[in-house]
Amino acid sequence: MNEDLKRIEEVLDEKVRPALRAHGGEIQVDRLEDGVLYVKLLGQCAGCPSADLTNETLVEAELVKALPELVKKVAVIQTVSDELWEQAKRLLRDHHL
């Protein structure tokens with residue numbers, strides 16, 4: 001992991017992850033390109049209706065404040081949690097769709 005990503009992970013560990021974990025969520029860094037940090041929200045945060053608000057008011061706000069020379073914007077890559085994926089497959093199997 002390069003030094004920039006280490007610094008980002010430190011901010012996430014200190015300022016962001018505790019709040020996400022309190023709600024059953026997690027965050028994973030995908031990549032940093034031209035000042036845009038691409039992340040995946042996981043657990044209860046994946047697909048949550050408040051995910052955009054969480055990103056804007058917590059994730060992006062903390063990272064831009066702490067590392068303005070690195071992070072200008074945070075973009076969430078939409079994912080489906082493993083639990084939701086398994087539930088969907090069960091429903092399809094059970095209903096033979």
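No experiment lies behind these values; they were computed from the predicted model shown.

### A short note on the sheet that holds strand β1 (residues 25-33)
At step 1: Sheet architecture is open: three strands sit in the order β1-β2-β3, paired in mixed fashion. In the strand order of this sheet, the two ends are held by β1 and β3 (73-77), each with one partner. If you compare each strand with its neighbour and ignore which way they point, the axes differ by 30° on average.
At step 2: Both strand β2 (residues 36-43) and β3 contribute to a ladder of five bridges, which runs parallel. Directly across from Leu-37, in β3, lies its bridge partner Val-74.
At step 3: Packing against the sheet, helix α2 (residues 51-66) makes contact with β1, β2 and β3, and its axis sits at approximately 140° to β3.

### Side note on the nonpolar core
At step 1: Residues Ile-8, Leu-37 and Leu-63 are the most contacted members of the largest nonpolar core, which totals 19 residues.
At step 2: Of all the elements in the fold, those that place two or more residues in this core are α1 (3-21), β1, β2 and α2.
At step 3: The residues touching Ile-8, leaving out its near neighbours within four places in the chain, are Val-29, Leu-32, Leu-37, Leu-63, Leu-67, Leu-70 and Val-71.

### Some details on the confidence of the model for the protein
At step 1: On average, the protein scores 89 in pLDDT, and the residues at 70 or more come to 94%.
At step 2: Element-level mean pLDDT values for the protein span from 79 in helix α3 (residues 82-95) up to 97 in α1.

So, how was this worked out
Residues numbered from 1 in each chain as written. Predicted model: local features only at pLDDT ≥ 70, side-chain atom pairs only at ≥ 80, totals over all residues. Heavy atoms only, no water. Pairing = 2+ DSSP bridges. Helix = DSSP H or I, 4+ residues; strand = E, 2+ residues; numbered from the N terminus. Axes fitted to C-alpha atoms, helices over the stretch in contact; angles between N-to-C directions. Contact = heavy atoms within 4.5 Å. Core = buried A, V, L, I, M, F, W, Y, C linked by side-chain atoms within 4.5 Å. Buried < 20%, exposed > 50% of the residue type's maximum accessible area, 1.4 Å probe, protein only. pLDDT = per-residue confidence, 0-100.

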